[in-house]
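Here's the letter readout for the chains.
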Amino acid sequence: MSFASLALALATPAAPEAACAALSRQIADSRTEWAEARVIAGRHLPAHCRVIGTLQPVQGSRIGYELWLPRSWSGRLQMLGNGGYASALPEAAMAEGLARGSAVVATDTGHEGDDPDFARGRPQTIADWGWRAVHETALAAKQLVARFYGRAAAHSYFNGCSTGGHQAMMEAQRFPRDFDGIVAGAPGSNRVRLNAAFLWQYLSNHRAGDDQAPILDGQDLKLLAAQSFALCRGANGKAAGGLPGDRWLNDPLQCRPDPAALLCRPGQTVGCLSAEKVAAVARMRAGVRDARGAQVTFPWLPGSEAGWSAYWADPRQPSQPMRVNFWRVWAFDDPAWNWWRFSYARDLPAAMRRLSPVIDATDADLRAYRARGGRLLVYHGLADPVVSPLDTLTYRRAMLARTGAAADWYRLFLVPGMGHCGGGDGPNRFDAQAAIERWVEQGQAPARLTGTLADGTTRPICAYPARALHRSGDGTKESDFICAAPPPPRIRR
């Protein structure tokens, strides 16, 4: 069973009230069963009909969504992804899509709030968050679009970053027919292991049993970032790409800073790290490995250090790890769960058995999405301090091995100097939505995206494994660079 309320949002008196009211009357025999229409005033938005709905696909599930239907429609349906565990709709991104003429839709993923404790006593909300809310909302939106305009959307898209990127990958894996084109930013698809990596940061930064005194602080992280930059910036303008004067690392994947080089000498107290701090950094840079030495959690790349503090503890309660209720509520259903008793050898596999089938978007078999003609554009900032780019690269390798060649339907863009879904010193502004639309509708597979820096200059963001190599001009515009694969490493004999 399901129910919904329908509201009309106007930017001008010329908004299509009659069509929206008619949709309200017709909605009773669509996926969204009950409706009410009323006129409200909107600002800074094109005239559109706004559907505010609720879906109840199974008992215990209550999925909210909004669908904005513009008067002047491009024929496209675009769904926007969410952030973290928050129920907030991405209204700014929805407004951008609406301004392009797309019908836009987003979901609250089946809950209210931004903490995983929303699943306490409501186990169905985990599946809603993990996969069901996006899929059910997409189906409802397609039905309502067809009713409102009298024809189905010509093309459907999903675009999201972080949790939105996770949702994007889940759609490509589980529901390949939902979207023609998908943009997945910084996916964090290996969600259980990602939370285990956040926990590792916390445990590595505290003495056993001590939640009050972290070992490293923000100044230490700045020192680590400066070390990474000083050590590895020499590759900028050369094989790493970019320009010699770039204030970020163009290829942090090849950077290997040693925290021991920052060890304080006798009598030194400034600009160095104590032995305890060096050991903490070494643990963080290594991540968790199993008894055979295989990587269990992905460490973050050099150049991202200044942002580590955002996720190594709960900012609202620094004496506990980030996302503690993910473990207490989702993984173990134990209000007394304590992180100091956590065993990566015992408890992480147990958490994965319970949660991975529901929330991990790690299925490497995308043959169904490729076969239906889907297009997948993935991007990830190389200075991301939240989701490690190593996660995205590891999935790509597994996907290529399982799915096969990806030249005609998949592209990965690693963005130098960009943080989590944006920000940073690098070329962090680009239009992935326009690129996926050209790819789906005109067959133009993107070999590059145009990235814009804070000073307004542009340069290409190249499809992996190519990178932007400077070839002419002063390096202030995209045409000064070419996209080329890096030269093979020299073999030392």
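It should be emphasised that the depicted structure is a prediction, and the values quoted were computed from it without experimental measurement. (Residues numbered from 1 in each chain as written. Predicted model: local features only at pLDDT ≥ 70, side-chain atom pairs only at ≥ 80, totals over all residues. Heavy atoms only, no water.)

Trainee: So what's going on with the pattern of salt bridges? Residues and values would help.
Mentor: Scanning the model with the defined rule gives 18 salt bridges in all. Across the pair Arg372 and Asp180 runs a salt bridge whose closest N-O atoms are separated by 2.9 Å. Here Asp180 lies in the loop between helix H4 (163–174) and strand S8 (181–185) and Arg372 lies in the loop between helix H10 (367–371) and strand S9 (375–381), a separation of 192 residues in the sequence. Owing to a relative accessible area of 17%, Asp180 belongs among the buried residues under this scheme. Close ionic contact of Asp347 with Arg346 constitutes a salt bridge, the shortest N to O distance being 2.8 Å. When salt bridges with common partners are traced through the structure, they connect Arg76, Glu437 and Glu441 into a single cluster. (Salt bridge = Lys/Arg side-chain N within 4 Å of Asp/Glu carboxyl O. Helix = DSSP H or I, 4+ residues; strand = E, 2+ residues; numbered from the N terminus. Buried < 20%, exposed > 50% of the residue type's maximum accessible area, 1.4 Å probe, protein only.)

Trainee: With reference to specific residues and values, describe the environment of Arg283.
Mentor: Within the fold, Arg283 resides in helix H7 (residues 275–286). A relative accessible area of 31% means that Arg283 is categorised as partly exposed. Between the alpha carbons of Arg283 and Met322 there is a distance of 18 Å; along the sequence they are 39 residues apart. For Arg283, the residues in contact, after removing those within four places along its chain, are Trp200, Ser204 and Ile215. (Contact = heavy atoms within 4.5 Å.)

Trainee: Could you give me a rundown of unusual backbone geometry, with the residues and numbers involved?
Mentor: Among all residues except glycine, the phi angle is most often negative; among peptide bonds, the trans geometry is most common. The residue after Tyr464, namely Pro465, is reached through a cis peptide bond having omega 10 degrees. For Ser162, which is not glycine, the phi torsion reads 65 degrees and is therefore positive. Positionally, Ser162 belongs in the loop between strand S7 (155–161) and H4. Here the phi dihedral of Cys421 falls at roughly 70 degrees; this positive angle occurs in a residue that is not glycine. Mapped onto the secondary structure, Cys421 falls in the loop between strand S10 (410–415) and helix H12 (432–442). When its relative accessible area of 29% is taken as the criterion, Cys421 is described as partly exposed.

Trainee: Run through the packing of aromatic side chains, naming residues and quoting values.
Mentor: As enumerated under the stated definition, the model contains 25 aromatic pairs in all. Measuring from centroid to centroid gives 4.7 Å for Phe198 and Tyr311, while their planes differ by 40 degrees, and the two rings are tilted. Note that Phe198 is positioned in helix H5 (residues 191–204) and Tyr311 in the loop between H7 and helix H8 (324–331), a separation of 113 residues in sequence. The two residues Phe198 and Tyr311 agree in class, both being buried. Judged by centre distance (6.2 Å) and plane angle (25 degrees), the ring pair of Phe332 and Trp337 falls under stacked. A relative accessible area of 22% means that Phe332 is categorised as partly exposed. For the cation-ring pair, Arg132 lies above Trp131, with the distance from its terminal atom to the ring centre recorded as 5.5 Å. (Phe/Tyr/Trp six-rings, centres within 6.5 Å; stacked < 30°, edge-to-face > 60°. Lys NZ or Arg CZ within 6 Å of the ring centre and 35° of its normal.)

Trainee: Can you break down the domain arrangement of the chain residue by residue, with the values?
Mentor: Domains assigned within the chain are domain 1 (16–190 + 361–484) and domain 2 (193–358). Here the C-alpha centroids of domain 1 and domain 2 sit 29 Å apart. Domain 1 puts 45 residues into the contact, and the matching count from domain 2 is 36 residues. Buried surface at the junction of domain 1 and domain 2, summed over both partners, amounts to about 3,300 Å²; 61% is from carbon and sulfur atoms. Seen at the junction of domain 1 and domain 2, the total is three salt bridges. In this structure, Asp251 and Arg467 form a salt bridge, with 3.2 Å as the shortest nitrogen-oxygen distance. Counting across the interface, domain 1 meets domain 2 through 13 residue pairs in polar contact (both at pLDDT 80 or more). Elements with a contribution of two residues or more to the side of domain 1 that touches domain 2: helix H3 (124–149), H4, helix H11 (389–403) and strand S13 (467–470). (Domains from an automatic or database assignment. Buried area = accessible area lost by both parts, 1.4 Å probe. Polar contact = N/O pair within 3.5 Å; in protein donor to acceptor, adjacent residues only side chain to side chain.)

Trainee: Just give me the short version of the state of the cysteines, but keep the residues and values in it.
Mentor: Scanning all chains against the criterion turns up five disulfides. The side chain of Cys232 participates in a disulfide bridge whose partner is Cys255; the two sulfur atoms lie 1.8 Å from each other. The S-S bond linking Cys232 to Cys255 shows a torsion near 80 degrees; that makes this disulfide right-handed. With Cys232 in helix H6 (residues 218–232) and Cys255 in the loop between H6 and H7, the pair connects residues that are 23 residues apart, well separated along the chain. Each member of the pair, Cys232 together with Cys255, is buried. (Disulfide = S-S within 2.5 Å.)

Trainee: Kindly report on the packing of H3 against H4, identifying the contributing residues and their values.
Mentor: Packed helices, taken two at a time, are described by their axes: the angle between them and the distance between them. Interaxial distance between H3 and H4 falls to 10 Å at its minimum, and their mutual angle equals 70 degrees. With respect to their mutual orientation, H3 and H4 come out roughly perpendicular. By crossing handedness, the relation of H3 to H4 is classed as right-handed. Where H3 approaches H4, its residues Trp129, Gly130, Trp131, Val134 and His135 are matched on the opposing element by Thr163, His166, Gln167, Met170, Glu171 and Arg174. Considering only residue class, the contact of H3 with H4 consists of four nonpolar, five polar and two charged. (Axes fitted to C-alpha atoms, helices over the stretch in contact; angles between N-to-C directions. Parallel < 35°, antiparallel > 145°, perpendicular 65-115°, else oblique. Left-handed = near helix turned anticlockwise from the far one by under 90°. Nonpolar A, V, L, I, M, F, W, Y, C, P; charged D, E, K, R; others polar.)

Trainee: Mind laying out the side chain of Asp314, listing which residues take part and the relevant values?
Mentor: Structurally, Asp314 is set in the loop between H7 and H8. No salt bridge is formed by the buried Asp314. Its closest oppositely charged neighbour is Arg316, at 4.1 Å. From its side chain, Asp314 meets the backbone nitrogen of Arg316 in a polar contact 2.9 Å long. Each residue touching Asp314, except ones within four places of it in the same chain, is listed here: Gln320, Pro321 and Met322. (Lys, Arg positive; Asp, Glu negative; His and termini not counted.)

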